[in-house]
Amino acid sequence: MTDASPTAAKGSSVTLRGVRKVFPNGVVAVEEMDLEVKAGEFVAILGPSGCGKSTLLRIIAGLEKPTGGVAQIHRPDAGRFDVAYVFQDAHLLPWRTVLSNAALPLELQGVERARRREVATEALVKVGLEDALERYPAQLSGGMRMRVSLARAMVTDPTLLLLDEPFAALDEITRQRLDEQLRELWRARGMTVIFVTHSTSEAVFLADRAVVMSKRPGRIVVDRAVELPPERVGELRATAAFARETHLVYEALVQGDA
Ligand SMILES: Nc1ncnc2c1ncn2[C@@H]1O[C@H](COP(=O)(O)OP(=O)(O)O)[C@@H](O)[C@H]1O
Ligand SMILES: [Mg+2]
């Protein structure tokens, strides 16, 4: 299946139908999940700890096989499709510089050295790391490491970007800056983004749609549009509209945890 609109060709759409995951130890992590993510959407998935968010994301990425149902990622019209995954830990190689960490996916694709350095540098500049290209991971703060991880995810120009609580371990200010950078990257690139978080304010700031899961086994309790303007800047967090949207998602989270 492909999107019919020629202008909506940058992101992959995703379909989950009746997705279920039972681990060999009998734990039912995900139960009968139906979800349709459109090309170019930015969706946040929220839910209590242990409700199956990571499992769901791993199933979408193809890292885990569902026990039942189907999970499909569709090619955009342009034909090329590429999935990138950002974990809570930056997972950088300590013996490689920032630049060479960010360039790794291109190296694995066989892209020649000058070109991959050029593309990786550009991605690192976008996340504000232009002064850290030759540093090693041990010389970076947690926030900078996460930025490298984000830049590395972007170098292949993915059609689908999956993020699993990527900024959860960072301090509030760093996290908010990274949220803003991620939102900007998405606005500039137009890929589909699925972002897992347990923070209601982060979900509302970032996403145009919030999907709230119940406690394990995870089901969708609420799936709603975030009614905020497309341009999201820091001051938005101080507005009544932001407080209202955050509260609505919070109520859904409480309902799903009952
Ligand atoms: N490989 C596994 N084997 C058995 N149980 C697992 C495995 N991975 C996750 N689980 C269990 O499945 C449930 C959902 O886990 P997870 O998807 O990591 O939740 P979340 O990301 O929402 O915190 C949890 O109860 C977890 O302990
Ligand atoms: Mg998780």
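Rules used throughout
Residues numbered from 1 in each chain as written. Chains lettered and ligands numbered in written order. Predicted model: local features only at pLDDT ≥ 70, side-chain atom pairs only at ≥ 80, totals over all residues. Domains from an automatic or database assignment. Contact = placed C-beta atoms within 7 Å. Helix = DSSP H or I, 4+ residues; strand = E, 2+ residues; numbered from the N terminus. Nonpolar A, V, L, I, M, F, W, Y, C, P; charged D, E, K, R; others polar. Near = placed C-beta within 6 Å. Pairing = 2+ DSSP bridges. Axes fitted to C-alpha atoms, helices over the stretch in contact; angles between N-to-C directions. Parallel < 35°, antiparallel > 145°, perpendicular 65-115°, else oblique. Left-handed = near helix turned anticlockwise from the far one by under 90°. Core = buried A, V, L, I, M, F, W, Y, C linked by C-beta atoms within 7 Å. Buried ≥ 20, exposed ≤ 12 C-beta atoms within 10 Å, placed from the backbone.

A. Spatial organisation of the domain arrangement of the protein. Each assigned domain of the protein is listed with its residue range as follows: domain 1 (14-82 + 158-257) and domain 2 (92-156). On a C-alpha basis, the centres of domain 1 and domain 2 stand 25 Å from each other. Across the contact, 12 residues belong to domain 1 and 10 residues belong to domain 2. With 5 residues, helix 6 (residues 172-189) is the single largest residue contributor to the side of domain 1 that touches domain 2. Residues of the side of domain 1 that touches domain 2, tallied by class, amount to 9 nonpolar, 2 polar and 1 charged.

B. Here's a closer look at the site of ligand 1. Around ligand 1, the surrounding shell holds 13 residues, and the nearest of these are F23, A29, K53, S54 and T55. If one sorts the elements of the shell around ligand 1 by residue count, helix 1 (residues 53-61) sits on top with 3 residues. Within the shell around ligand 1, the residues separate by chemical class into 4 nonpolar, 7 polar and 2 charged.

C. View of the sheet that holds strand 3 (residues 42-46). With mixed pairing, 6 strands are arranged side by side in an open sheet as 5-6-7-3-8-9. For this open sheet the edge positions go to strand 5 (83-86) and strand 9 (220-225), each flanked by a neighbour on one side alone. On average, adjacent strands in this sheet sit at an angle of 15° to one another, irrespective of strand direction. Across 5 bridges, the pairing between strand 3 and strand 7 (residues 192-197) is parallel. Within the sheet, the bridge partner assigned to V43 lies in strand 7 and is I194.

D. Here's a closer look at the packing of helix 5 (residues 142-154) against helix 6. Taken N-terminus to C-terminus, the directions of helix 5 and helix 6 make an angle of 15°; their axes are 11 Å apart at the nearest point. Considered as vectors, helix 5 and helix 6 are oriented roughly parallel to each other. Considering only the axes of helix 5 and helix 6, their crossing is right-handed. Contact with helix 5, carried on its side by G143, M146, R147, L150 and M154, involves T174, L178, L182 and L185 of helix 6 and no other residues of that element. Partitioning the contact of helix 5 with helix 6 into residue classes produces 6 nonpolar, 2 polar and 1 charged.

E. Representation of the nonpolar core within the structure. Judged by nonpolar contacts, the single largest core of 69 residues is most densely connected at A102, A120, A151 and A210. The element best represented in this core is helix 5, accounting for 6 residues. Domain assignment of the residues forming this core places at least three in each of domain 1 (14-82 + 158-257) and domain 2 (92-156). The residues contacting A210, other than those within four sequence positions of it, are A44, L46, A203, V204, R224, V226 and V249.

F. Molecular detail of the sheet that holds strand 1 (residues 14-22). Read from one edge to the other, the open sheet built from 3 strands follows the order 2-1-4, with strand pairing classed as antiparallel. The sheet is open, and its two borders are formed by strand 2 (28-37) and strand 4 (68-73), each paired with just one other strand. The mean inter-strand angle of the sheet, taken between neighbouring strand axes irrespective of direction, is 20°. Pairing analysis gives 6 bridges linking strand 1 to strand 2, with the strands arranged antiparallel. Bridge pairing in strand 2 places K21 opposite V30.

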